[in-house]
Amino acid sequence: VLGETDLADDLERLHARLDDIEASEELASGEAARVLIAEDNAINQRVALRMLEKIGVAADVVENGRLAVDAVRSRRYALVFMDCQMPEMDGFAATRALREIEANGAARLPIIAMTAHAMQGDRERCLDAGMDDYMSKPISRAMLEKMLDKWLPGFAAGANEERLSSGSVQTV
């Protein structure tokens, strides 16, 4: 006989899977993907936002890891681009916090490191912290498109362009 705890765990896993399916269906149906950029440098924020806008991806921006965790708790994102070195809470701590949320039944969220560190071992440190992939700065439009193609099922570069409105980019 299944206990209440087993049923609750099964229900949480089912809800997480349904979230994954809904996110994939949104992308496949042509709805604009929304990503979160966690980056403390204002110039890097503008550059990333501009490139994502040109490829047709709506984005929100936060300037530290604590705000990234809060943003993910309050809104569904298809992917997070996470700077590693930020004030208040760095990208490593923010990623660990987001993975803890997922351990409690939330859907897996792809987190891509964006870092100025390009030394040997930096990629492994990002992956060990729970990030899914790694980009070294300066980032390029081609790098962003490659990550979007890789991590967002159903994404096609430029496919969302006509669906973006002037309000598609927000600072959270």
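Residues numbered from 1 in each chain as written. Predicted model: local features only at pLDDT ≥ 70, side-chain atom pairs only at ≥ 80, totals over all residues. Heavy atoms only, no water.

A. A look at the pattern of salt bridges. Taken as a whole and assessed by the stated rule, the structure comprises 14 salt bridges. A salt bridge links Arg108 to Glu102, with the nearest nitrogen and oxygen atoms 3.7 Å apart. Here Glu102 falls in the buried class, since its relative accessible area comes to 13%. (Salt bridge = Lys/Arg side-chain N within 4 Å of Asp/Glu carboxyl O. Buried < 20%, exposed > 50% of the residue type's maximum accessible area, 1.4 Å probe, protein only.)

B. Fine view of the packing of helix H2 (residues 42-55) against helix H6 (residues 141-151). Axis separation between H2 and H6 bottoms out at 10 Å; the angle between their running directions is 60°. By the angle between their directions, the pair H2 and H6 is classed as oblique. The two elements H2 and H6 cross, and the hand of that crossing is right-handed. Only Arg141, Leu144, Glu145 and Leu148 of H6 make contact with H2, whose side of the interface consists of Ala48, Met51, Leu52, Lys54 and Ile55. (Axes fitted to C-alpha atoms, helices over the stretch in contact; angles between N-to-C directions. Helix = DSSP H or I, 4+ residues; strand = E, 2+ residues; numbered from the N terminus. Parallel < 35°, antiparallel > 145°, perpendicular 65-115°, else oblique. Left-handed = near helix turned anticlockwise from the far one by under 90°. Contact = heavy atoms within 4.5 Å.)

C. Seen up close, the nonpolar core. With 23 residues, the main nonpolar core has Leu36, Val62, Met82, Cys126 and Met131 as its most contacted residues. Of all the elements in the fold, those that place two or more residues in this core are strand S1 (34-38), helix H3 (65-74), strand S3 (79-83), helix H4 (91-103) and strand S4 (111-115). In this structure Leu36 touches Asp60, Val61, Val62, Ala68, Ala71, Val72, Tyr77, Leu79, Val80 and Phe81, once residues within four positions along its chain are discounted. (Core = buried A, V, L, I, M, F, W, Y, C linked by side-chain atoms within 4.5 Å.)

D. Representation of unusual backbone geometry in the model. Residue Pro138 follows Lys137 across a cis peptide bond; omega there is 5°. Looking at the secondary structure, you find Pro138 in the loop between strand S5 (133-136) and H6.

E. Looking closely at H2. Across its 14 residues, H2 extends 20 Å between first and last C-alpha, which sits within 8% of the 20 Å expected from 1.5 Å per residue. Of the residues making up H2, those classed as buried are Gln45, Ala48, Leu49, Met51, Leu52 and Ile55. Looking straight down H2, one finds its buried side chains confined to an arc of 165°; they lie on one side. Residues of H2 that are exposed and angled more than 90 degrees away from the buried face: Ile43, Arg46 and Arg50. The backbone nitrogen of Ile43 has a side-chain oxygen 2.9 Å away, supplied by the residue at the start of H2, namely Asn41. Phi turns positive one or two residues past the end of H2, at Gly56, with a value near 90°. (Expected span 1.5 Å × (residues − 1). Arc of directions from axis to C-beta. Polar contact = N/O pair within 3.5 Å; in protein donor to acceptor, adjacent residues only side chain to side chain.)

In short, shape yes, function no, at least from these values alone.
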